[in-house]
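An overview of the molecular structure
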Amino acid sequence: MTQSTSHSTKDFVQCLPYHVLNAIFRHFRLTDLIRYTRVSKKWQSFLLTWPGMWHDLSDPACNIGRHLRRYERYFDGKHVRVVHILGRPTTEQEEALEFLIQHSCCYIESARISCDPQANPRLLELFKTTGQNLKSLHLYAGGPECLLGTVLQYCTGLTDLRYCHSAANFQSMTPTLLQGIPETRIHDLNLHATMSVPLLSQTLNLFPHLRRVDFNATIAGDDCGSILELLHQSCPRLEHIQFGGDHMVPTFPPSSSPASGLRVLILSHLHGISDVHLAPLLAKHGDTLEALHIQSCYSLGNRTLAALATTGCPRLRYICIRLSYYFHHPEDRGQSTHFLPDDLCSLLRKAPSLQEVNFSSIRGVNDDVLDALAELPVLKELELGHCDQITSEGLCRFVERYRSNTTSGLLKSLHLLSMDGVTDQVLCDIARHMDRILESLDIGSSANITEAGLRVLVDRFAITGNLKWFGINHCAQVHPTAYTYVYQKLAHVTTVYGANVTNAYNIVLSR
């Protein structure tokens, strides 16, 4: 009995083998590990001599320069691999950099640093110390001094670089600062700054292995078209281009037969870009493109989609073309991008792998395009917004044809926003044909539906219990009491995410 009690209270740090302890403690943050050193002498002895204790210095609750001073006799800089000091006060930044330099942390592989200009000298020392081993660097800088040339000069082992410079006078960096810098091995480049086109051209020459690039929309002012042409010509290995915005596209499993070429293209809020720049890029990479996202690029015309419609895009799984009635750039006011329905239909018919489609505020999306959407064999999510040429008859035909053509019921999400074609008859057809397959439905800002149609839809989905997300708001002919009815009928199968049925007449139900 005494022996059993002794074993049950034995310290597991003393009992378990080293590799098991290593697997356990590696999941905790640094501040937690520091706290655990006070559990017992055995814990303290193990943790302070365990290399994994200092492996990851990314804990936001840890002040590196202050909290680690008391453990200097145990701290070994050669074990540090990860350092994050984003958004720290200037004094804390300088103390952290001083501590890392003082303890020769020369094997850092990943660093996330945002520094005020006062800390630049210390930052330069750190790059000299650890630059050759650094693989990933996210640097947020400011002030008149550009650090991009310094980073490329000393951090020769980088494969992932994100450089953001907030100062408008970033253009003070001259091309001569890049002279003598060898080609890099960087394949993932995220550059948010303001540069001239010649300087950016010279910079890109240092990245022959680029596979992914992310630029802010104003990197070269209103000359976005030239930048796109530059990427097309200078970076033959690119697989992912994000130019403007911070949009995320769905991640799909790799194809069984991967092809070499551009797979993801995201363009957002760009000025100075036209069909002349984009059409050749899409024509070249149509057979490898998997995701295309175009938002608020009002100077594009029909040749952009015509290029894809001509070459075909057999691997395309996601397409989003989203414009807006609200223009934030003077030159865009009064413009309305128009795509030919025939080209849209041809594009859809040559993209049999499409799973997600989003067309918003586009002239040219009509009933014929809706018929082409109904023929997509693996469509899972469809969002249409402000597509005024789509009629109620076209929507009813889509619902009925989709149900008859795709017996597996792949469509899980249907969002019809600000659509005049959404009527009570459309709601009744959705209730009749899609009640057991739809998991997400949004009919927000539908001006032509009434309480009668809404009740038919809600009653049916309340029975099947299949709906996980339902959105409805600002429907002019729907009385506030109908929103209360929606809540009462669906609340037992759907958790209320947010509801305001008294003032703004908004209800969003989510399971």
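Computed from a predicted structure; not experimentally measured.

A few points about the overall build of the protein chain
For the protein chain, the helix and strand inventory stands at 19 helices and 18 strands. When burial is assessed residue by residue, the protein chain has 52% of its 511 residues classed as buried. Within the protein chain, contacts between residues at least 6 apart in sequence are counted, and of these 74% link residues at least 24 apart. Surface exposure of the protein chain reaches about 23,000 Å², of which carbon and sulfur atoms provide 50%.

Focus on the environment of Ala452
Among the structural elements, Ala452 can be located in helix 18 (residues 451–464). Owing to a relative accessible area of 52%, Ala452 belongs among the exposed residues under this scheme. Linking Ala452 and Val478, residues 26 residues apart in sequence, is a C-alpha distance of 9.0 Å.

Some remarks on the side chain of Gln295
Along the chain, Gln295 turns up in strand 10 (residues 291–295). What makes Gln295 buried here is its relative accessible area of 12%. Those residues in contact with Gln295, other than ones at most four positions away along the chain, are His247, Leu267, Ser268, His269 and Arg322.

Side note on the pairing of strand 7 (residues 212–215)
Relative to strand 7, strand 6 (residues 188–192) is paired through four bridges, and the arrangement is parallel. What sits directly across from Asp188, in strand 7, is Arg212. In this region the chain leaves strand 6, passes through helix 10 (residues 197–204) and returns to the parallel neighbour strand 7; the handedness of that crossover is right-handed. Pairing of strand 7 with strand 8 (residues 240–243), which is carried by four bridges, proceeds in the parallel orientation. Bridged to Asp214 within strand 8 is Gln242.

Considerations on the pairing of strand 13 (residues 381–385)
Direction of pairing for strand 12 (residues 356–360) relative to strand 13: parallel, over a ladder of five bridges. Following the sheet pairing, Asn358 is matched in strand 13 by Glu383. Traced from strand 12 through helix 15 (residues 367–374) to strand 13, the parallel crossover comes out right-handed. In this sheet, strand 14 (residues 413–417) lies alongside strand 13 in parallel orientation, the contact comprising five bridges. Its bridge partner being in strand 14, Leu384 is matched across the sheet by Leu416.

Describing the packing of aromatic side chains
Under the counting rule described, the total for this entry stands at 13 aromatic pairs. Considering the side-chain rings of Phe12 and Phe25, the 6.4 Å spacing of their centres and the 20 degrees angle between planes classify their relative orientation as stacked. Taken together, the residues span a long stretch of sequence, with Phe12 in helix 2 (residues 12–15) and Phe25 in helix 3 (residues 18–25) at a distance of 13 residues. Overall, the relative accessible area of 2% leaves Phe25 in the buried class.

Things to note about the packing of helix 14 (residues 341–349) against helix 15
Following both chains from N to C, one finds helix 14 and helix 15 inclined at 0 degrees, their axes separated by 9 Å at the closest point. Overall, the two elements helix 14 and helix 15 adopt an arrangement that is roughly parallel. Taken together, the residues of helix 15 that come into contact with helix 14 (itself represented by Pro341, Leu344, Cys345, Leu348 and Arg349) are Asp368, Val369, Ala372 and Leu373. Partitioning the contact of helix 14 with helix 15 into residue classes produces seven nonpolar, no polar and two charged.

Notes on the packing of helix 11 (residues 224–234) against helix 12 (residues 275–285)
For the pair helix 11 and helix 12, the least separation of the axes is 8 Å and the interaxial angle reads 25 degrees. In terms of orientation, helix 11 and helix 12 fall into the roughly parallel class. Crossing of helix 11 against helix 12: the hand is left-handed. On the side of helix 11, the interface is formed by Gly225, Ser226, Leu228, Glu229 and His232, while helix 12 contributes Val276, His277, Leu278, Pro280, Leu281 and Lys284. Looking at side-chain class alone, the contact of helix 11 with helix 12 contains five nonpolar, four polar and two charged residues.

Details of the nonpolar core
In this structure, Phe215 and Phe359 are the most contacted members of the largest nonpolar core, which totals 151 residues. Counting residues in each nonpolar core, the second largest holds seven residues, with Val249, Val264, Ile266 and Cys320 among its members.

Things to note about helix 12
Three or four residues apart is the spacing at which side chains of an α-helix point the same way, because the helix has 3.6 residues per turn. Taken together, the buried positions of helix 12 are occupied by Asp275, His277, Leu278, Ala279, Leu281, Leu282 and His285. Next to the buried residues of helix 12 lie helix 11, strand 9 (264–268), strand 10 and helix 13 (302–311).

Focus: a nonpolar patch on the surface
Taken together, the side chains of Phe12, Leu16, Ile24 and Phe28 define a hydrophobic patch exposed on the protein surface, amounting to about 280 Å² of accessible area. Summarising the element assignment, Leu16 is placed in the loop between helix 2 and helix 3.

Quick look at the pattern of salt bridges
Throughout the structure, instances matching the rule amount to 20 salt bridges. Its salt-bridge partner being Asp76, residue Lys78 comes within 3.9 Å of it at the nearest N-O pair. Via salt bridges that share partners, Arg349, Asp371, Glu375, Arg397 and Arg401 belong to a single interconnected network.

Considerations on the environment of Thr194
Position of Thr194 relative to the elements: it lies in the loop between strand 6 and helix 10. Along the backbone, Thr194 and Thr218 are 24 residues apart, and their C-alpha atoms lie at a distance of 6.6 Å.

Examining the side chain of Ser413
When you line up the elements, Ser413 lands in strand 14. Assessed through its relative accessible area of 11%, Ser413 is described here as buried. In this structure the side chain of Ser413 is engaged in a polar contact, spanning 3.5 Å, whose partner is the side chain of His415.

With respect to unusual backbone geometry
Although it is not a glycine, Ser104 adopts a positive phi angle of roughly 50 degrees. Tracing the sequence through the fold places Ser104 in the loop between helix 7 (90–102) and strand 3 (110–114). On the basis of relative accessibility, which here comes to 43%, the residue Ser104 falls in the partly exposed class. With a phi close to 50 degrees, Ser418 is a non-glycine residue in the positive phi region. Inspection of the secondary structure puts Ser418 in the loop between strand 14 and helix 17 (424–433). You can call Ser418 buried: its relative accessible area is 19%.

What counts and what doesn't
Residues numbered from 1 in each chain as written. Predicted model: local features only at pLDDT ≥ 70, side-chain atom pairs only at ≥ 80, totals over all residues. Heavy atoms only, no water. Helix = DSSP H or I, 4+ residues; strand = E, 2+ residues; numbered from the N terminus. Buried < 20%, exposed > 50% of the residue type's maximum accessible area, 1.4 Å probe, protein only. Contact = heavy atoms within 4.5 Å. Areas by Shrake-Rupley, 256 points an atom, 1.4 Å probe, with all protein chains shown as cover. Pairing = 2+ DSSP bridges. Right-handed = clockwise from strand over helix to strand, strands pointing away. Phe/Tyr/Trp six-rings, centres within 6.5 Å; stacked < 30°, edge-to-face > 60°. Axes fitted to C-alpha atoms, helices over the stretch in contact; angles between N-to-C directions. Parallel < 35°, antiparallel > 145°, perpendicular 65-115°, else oblique. Nonpolar A, V, L, I, M, F, W, Y, C, P; charged D, E, K, R; others polar. Left-handed = near helix turned anticlockwise from the far one by under 90°. Core = buried A, V, L, I, M, F, W, Y, C linked by side-chain atoms within 4.5 Å. Patch = residues over 30% accessible without salt bridge, like charges linked within 9 Å, V, L, I, M, F, W, Y side chains within 5 Å. Salt bridge = Lys/Arg side-chain N within 4 Å of Asp/Glu carboxyl O. Polar contact = N/O pair within 3.5 Å; in protein donor to acceptor, adjacent residues only side chain to side chain.

Keep in mind these numbers describe shape, not what the thing actually does.
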